[in-house]
Amino acid sequence: MANSKYEYVREFEQTDLLLPNTWIVVRIDGRGFHKLSTKYAFEKPNDRSALDLMNAAAVSVMKEFPDVILGYGDSDEYSFIFHKSTSLFQRRASKLSTTITSTFTAHYVYLWPTYFPMKPLSPPLPSFDGRCVLYPTTKDLRNYLAWRQADCHINNLYNTIFHTLVLRGNLSPQEAEAALSTTTASAKNEMLFQGFGINYNNEPEMYRKGSVVYRAYELAPVGVPVSGNLNPDDDDGAERASLSKTAAEKEKKIRSKARIAVEHVDIIKDDFWERRPWILS
Ligand code: ATP
Ligand code: ATP
Ligand code: MG
Ligand code: MG
Ligand code: MG
Ligand code: MG
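Below, the structure is looked at part by part.

1. Side note on a nonpolar patch on the surface
A contiguous nonpolar surface patch, about 380 Å² in accessible area, is contributed by Y8, V9 and F12. By secondary structure assignment, the location of F12 is in the segment before strand 1 (23–30).

In structure tokens form, the structure reads like this:
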């Protein structure tokens, strides 16, 4: 129907091309998962199967999109990082966020019976929202990821003590909330330890640190400085941008073949990044 009299309406569409040479984060978040976690009786504060399902859906997304260099998730959210040089979908924001969100949702629903064989899904079905956020420097991107991991820690410490007070301390949710309203992190740690013999640092890393999903090549050995440019902001991305088409295709193939690792490790400090220099290069 080219050149029909109706075609002018296409002009109403707005372009939403994201700035070039900036890191793209697509963050998805479950809609109404507080309610959903009650409906399917998720274990509180952390249902292991629900987190495993989130991670499995994230791995599937990474397999479908070799341009995603890293994912970080906790609770009902996941952040997917596209390399700043990506040209996927011409960097159209809505195309990127909707495709990642619907691909994640589709895998989440598809994989649900594997993780919850005794809890068949019924409407309203799980759904996720998604947004694109741009970060101009590697430092900003690192700070974004640090922000999400710090958030995971703060929420998990709170949820762990809250549910301990309710389940084992026999407080009502209102009483537990009141008891926690003014406590510092160290006071919370102390409450857990003195009151219930729980050392927060011995709680599973998956709950405390969230999940990092990345393409595993070869690790740099501990303590050995990695060759190449370690100041990420010196790198203007020109190298990747100037890769010839065949070199870029080849790199994409290598990326898509690499094993995808799921780990529960600190990504706030430098160590994770120094030992895996390919992730942000
Ligand atoms: P919104 O639609 O605004 O995102 P929401 O109910 O999803 O609302 P969030 O702030 O995203 O609110 O919080 C997600 C909630 O889902 C958590 O507070 C928690 O109650 C629940 N939840 C998510 N994952 C798990 C899990 N693995 N185990 C137990 N509860 C979980
Ligand atoms: P993109 O990812 O860019 O959207 P696409 O392959 O989905 O690529 P579209 O322009 O959206 O391309 O076209 C959808 C195509 O899907 C159609 O050209 C047709 O080949 C196929 N298709 C969709 N629905 C049907 C259907 N009901 N019966 C047969 N073919 C269909
Ligand atoms: Mg939300
Ligand atoms: Mg949510
Ligand atoms: Mg959330
Ligand atoms: Mg289509």
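Having put the structure on the table, let's press on.
2. With respect to the site of ligand 1
D29, G32, F33, H34 and D47 are the nearest of the 17 residues found near ligand 1. Taking D29, its side chain carries an N or O atom lying 2.7 Å from an oxygen atom of ligand 1. Burial of ligand 1 by the protein chains amounts to 67% of its free accessible area of 630 Å². The set of elements that each furnish at least two residues to the shell around ligand 1 consists of strand 1, helix 1 (33–39) and helix 2 (48–64). At 3 residues, helix 1 tops the list of elements feeding residues into the shell around ligand 1.

3. Focus on the environment of E203
By the element assignment, E203 lies in the loop between helix 6 (185–196) and helix 7 (205–209). Along the primary structure E203 and A216 are separated by 13 residues, whereas in three dimensions their C-alpha atoms are 26 Å apart. When residues no more than four places from it in sequence are discounted, the contact partners of E203 are T160, I198 and R208.

4. Here we look at the coordination of the magnesium ion (ligand 5)
Every protein donor of the magnesium ion (ligand 5) is accounted for by D29 (OD) and D76 (OD), and the metal-donor separations fall at 2.1 to 2.3 Å. Here the magnesium ion (ligand 5) and the magnesium ion (ligand 3) are spaced 4.9 Å apart. One end of the pair, D29, is in strand 1; the other, D76, is in the loop between strand 2 (68–74) and strand 3 (77–82), and 47 residues separate them in sequence. D29 sits in the partly exposed class, given a relative accessible area of 22%. On the basis of relative accessibility, which here comes to 13%, the residue D76 falls in the buried class.

5. With respect to the pattern of salt bridges
Here the structure, examined in full by the defined rule, presents 10 salt bridges. Here D129 ties to R131 by a salt bridge, and the two come within 3.8 Å at their closest N and O atoms. Judged by relative accessible area, which is 34%, D129 ranks as partly exposed. Residue classification places R131 among the partly exposed positions, given a relative accessible area of 40%. With its nearest N and O atoms 2.7 Å apart, the salt bridge here joins K209 to E205. Note that K209 and E205 are positioned in helix 7 at a spacing of 4 residues, about one turn of the helix. The exposure class of K209 is buried, given its relative accessible area of 19%. We classify E205 as partly exposed; its relative accessible area is 37%.

6. As for the nonpolar core
The biggest cluster of nonpolar side chains holds 34 residues, and the ones touching the most others in it are F80, I100, F104 and Y108. Elements with a minimum of two residues in this core: strand 1, helix 1, helix 2, strand 3 and helix 3 (93–115). The element best represented in this core is helix 2, accounting for 9 residues. Apart from the residues within four sequence positions on either side, F104 is in contact with I28, M54, A57, A58, V61, Y78, F80 and F128. In this structure, I69, Y72, Y135 and C152 belong to the second largest nonpolar core, which totals 21 residues.

7. A short note on the sheet that holds strand 3
In any sheet, the strands associate via hydrogen bonds between backbone groups, in a parallel or an antiparallel arrangement. Sheet architecture is open: 6 strands sit in the order 4-1-3-2-5-6, paired in antiparallel fashion. With one partner strand each, in any of the chains shown, strand 4 (128–135) and strand 6 (259–263) form the two edges of the open sheet. Neighbour-to-neighbour, the strand axes of this sheet turn through a mean angle of 20 degrees, independent of strand direction. Contacts from helix 3 reach strand 1, strand 2, strand 3 and strand 4, with the element oriented near 140 degrees to strand 4.

8. What to know about the environment of H163
Relative to the assigned elements, H163 resides in helix 4 (residues 138–167). Sequence spacing of H163 and Y144 is 19 residues, and the spatial spacing of their C-alpha atoms is 28 Å. Sequence-distant contacts of H163, that is, excluding residues within four places in its chain, are made with K44, P45 and R168.

9. A closer look at the side chain of R215
Relative to the elements of secondary structure, R215 occurs in strand 5 (residues 211–216). Within the structure, the side chain of R215 is placed 3.1 Å from the backbone oxygen of F65, a separation counted as a polar contact. Aside from chain neighbours lying at most four places away, what touches R215 is M62, F65, P66, V68, I69, R255, A258, R259, I260 and W278.

10. Section: the environment of F104
Along the chain, F104 falls in helix 3. C-alpha separation for the pair F104 and G73, spaced 31 residues apart in sequence, amounts to 12 Å.

Cut-offs used in this document
- Residues numbered from 1 in each chain as written.
- Chains lettered and ligands numbered in written order.
- Predicted model: local features only at pLDDT ≥ 70, side-chain atom pairs only at ≥ 80, totals over all residues.
- Heavy atoms only, no water.
- Patch = residues over 30% accessible without salt bridge, like charges linked within 9 Å, V, L, I, M, F, W, Y side chains within 5 Å.
- Areas by Shrake-Rupley, 256 points an atom, 1.4 Å probe, with all protein chains shown as cover.
- Salt bridge = Lys/Arg side-chain N within 4 Å of Asp/Glu carboxyl O.
- Helix = DSSP H or I, 4+ residues; strand = E, 2+ residues; numbered from the N terminus.
- Near = heavy atom within 4 Å.
- Polar contact = N/O pair within 3.5 Å; in protein donor to acceptor, adjacent residues only side chain to side chain.
- Contact = heavy atoms within 4.5 Å.
- Donors = N, O, S within 2.8 Å, 3.2 Å for Na, K, Ca; no water.
- Buried < 20%, exposed > 50% of the residue type's maximum accessible area, 1.4 Å probe, protein only.
- Core = buried A, V, L, I, M, F, W, Y, C linked by side-chain atoms within 4.5 Å.
- Pairing = 2+ DSSP bridges.
- Axes fitted to C-alpha atoms, helices over the stretch in contact; angles between N-to-C directions.

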